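Per-entry structural report
The lines below spell out each chain.
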Amino acid sequence: MNHDELARWSKRAADWARDYHAGLRERPVRPDILPGDFRKLIEAPVPESPEPMERIFDDFTRLVPDAMTHWQHPRFFAYFPANAAPVSMLAEQLANAMAAQAMLWQTAPAANEMEALVLDWLRDGLGLPGTFTATIHDSATTATFSAVLTMREKALDYKGLTEGLSSTPRLRLYASAQTHSSVDKAARLSGIGQDNLVKIPGRANDPLYSMDPTALDDAIRADLAAGHTPAGVILATGGTSIGACDDLTACIAVAKTHGLPTHVDAAWAGSAMIAPEFRTLWQGVEQADSIVFNPHKWLGAQFDASVQFLRDPRPQIATMGLRPDYLKTQGADEVVNYNEWTLPLGRRFRALKLWFLLRAEGLSGLRQRIRNHVAWAGEARDAIAALPGFEIVTEPILSLFTFALDSDARTAALLEAVNRDGRIYLTQTTHEGRFVIRVQVGQFDCTRDDVMTIPEVLAACAARL
Ligand code: PLP
């Protein structure tokens, strides 16, 4: 394919995309297929000779969409959203067309300086202090891993980087029992070890399910007494399971008493902080050392774009940054080279979609969507609570709540029936030992009617159990 043909096919692809999105409500959200079914449809030996584009494109449109779970479906209420506003898709096309590597300032000056600008915009839009700087990662998992590596190295006086971990003291991390598995992964992969991630129990009768700050303090003191080295505290604003929010003011105060760095995982809920009325959920966040949130979840920036704000980037740069001769910037040593803040060297031009999105929607447009989602989630919660035999297990935190029937078996059977029905898509979690169904409202194109389909489908499926 040459660039003339690319232009022609891009038009075809854009037309196809428009029709695909227009027809999403007619599709089941999740395809009714079994593992291995799709591969059978495309099984073929490795192509030796070129194939005509017409045939490849036709195979795509005939086979692929029917075997996909449609994350942009307006009735996708599973996991968390992965919103892709059309304008962010357009920006991705343009970034793809240039296919630049934004690893150093000089390898992509516009990408580099736009990254700094849009991250300032987001910082201000979220109400964070102007002292925070930031970078863009692919995922919250990478951002949290980077924060944990930085905690490790700070605790080891940066000796782990050169001397390895074999003779180092036992490092300890602390997080709530509600923490996302990316924190467990960071503990594993950093060499600190999953057993050294101390899960702090929740505070009694806390409607936001915060970890207990007193238990956090006790755990740190016990580890110090045992000769261990506390390295840092990871806090959650909007945990994946039920939306748990740690009491940042109290927990960060405990961490500071012990001189420990803190990282706040607001991967999902961070987007909601563009609306000032939700900021009580992360009150005290300005005291954190590191904060991650994913514009690729609720905000509308096409996957992937995960933003990490840093009070002081120097500890992370000291941990992640390497400057071999072949990567030195010629004649401009004072510039920011974002690869020194992040794990990979090569970096995509992710700032472009944030620049397009924020300008085309404005904070006001994005805020209104999130406010609608939170309000509609509340209405759906009330309608589900009114269904016979249904119990709301955890109340909405932002737009996420959970419910169950009278036994785990019946709740699981209901979930299976709902997802086979296909009109909506929901997923499960375990809360206090109980199998519960999660509802999150956040898909970019959903309407109130889409959301109120949830109680309708639940009632119909429960009646058939
Ligand atoms: N943290 C929280 C609270 C999440 O909900 C998720 C994913 O849903 C993650 C971290 C991991 O995000 P990513 O897929 O960007 O690694």
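Residues numbered from 1 in each chain as written. Predicted model: local features only at pLDDT ≥ 70, side-chain atom pairs only at ≥ 80, totals over all residues. Heavy atoms only, no water.

Looking at an unreviewed UniProt entry, the protein carries the name Pyridoxal-dependent decarboxylase, with the source organism given as Sinisalibacter aestuarii. According to UniProt, the comment filed for the protein under the heading Sequence similarities (unreviewed entry) is "Belongs to the group II decarboxylase family." According to the UniProt record, the Cofactor (unreviewed entry) comment for the protein reads "pyridoxal 5'-phosphate". (UniProt positions renumbered as here; feature names shortened; annotations may be inferred.)

The end-to-end C-alpha separation of helix α4 (residues 86-98) is 19 Å, in line with the 18 Å expected for 13 residues at 1.5 Å each. Along α4, the residues that are buried comprise V87, S88, A91, E92 and A95. Burial along α4 is one-sided: seen end-on, the buried residues are contained in an arc of 145 degrees. Structural note: α4 exposes P86 and A97 on the side pointing more than 90 degrees away from its buried face. Among the structural elements, α13 (351-385) are those in contact with the buried residues of α4. A positive backbone phi angle near 45 degrees is found at A99, which sits one or two residues after α4. (Helix = DSSP H or I, 4+ residues; strand = E, 2+ residues; numbered from the N terminus. Expected span 1.5 Å × (residues − 1). Buried < 20%, exposed > 50% of the residue type's maximum accessible area, 1.4 Å probe, protein only. Arc of directions from axis to C-beta. Contact = heavy atoms within 4.5 Å.)

This part takes up the confidence of the model for the protein. Summary statistics for the protein give a mean pLDDT of 96 and a share of 100% for residues scoring 70 or more. If you check the scores for this complex, the pTM reads 0.96 and the ipTM reads 0.98. (pLDDT = per-residue confidence, 0-100.)

So, about the pattern of salt bridges. One pass over the structure, following the stated rule, counts 40 salt bridges. Two residues, E51 and R55, come together in a salt bridge whose shortest N-O distance is 3.2 Å. Residue class for E51 comes out partly exposed when judged on its relative accessible area of 37%. The class for R55 is partly exposed, based on a relative accessible area of 45%. A salt bridge links E416 to R420; the nearest nitrogen and oxygen atoms lie 3.1 Å apart. Of this pair, E416 and R420 both sit in helix α14 (residues 408-421), separated by 4 residues, roughly a single helical turn. You can call R420 partly exposed: its relative accessible area is 49%. Each of E92, D304, R348, R350 and K353 takes part in salt bridges that share partners, so that together they form one network. (Salt bridge = Lys/Arg side-chain N within 4 Å of Asp/Glu carboxyl O.)

Attention shifts here to the site of the ligand. By nearness alone, 13 residues border the ligand, and A140, T141, T240, D265 and N294 come closest of all. One of the side-chain nitrogen or oxygen atoms of T141 is found 2.5 Å away from an oxygen atom of the ligand. The protein chains hide 85% of the 400 Å² of surface that the ligand would expose on its own. Contributing elements (two or more residues each) for the shell around the ligand: α6 (140-155) and α11 (295-299). Here the residues of the shell around the ligand sort into 3 nonpolar, 8 polar and 2 charged. (Near = heavy atom within 4 Å. Polar contact = N/O pair within 3.5 Å; in protein donor to acceptor, adjacent residues only side chain to side chain. Areas by Shrake-Rupley, 256 points an atom, 1.4 Å probe, with all protein chains shown as cover. Nonpolar A, V, L, I, M, F, W, Y, C, P; charged D, E, K, R; others polar.)

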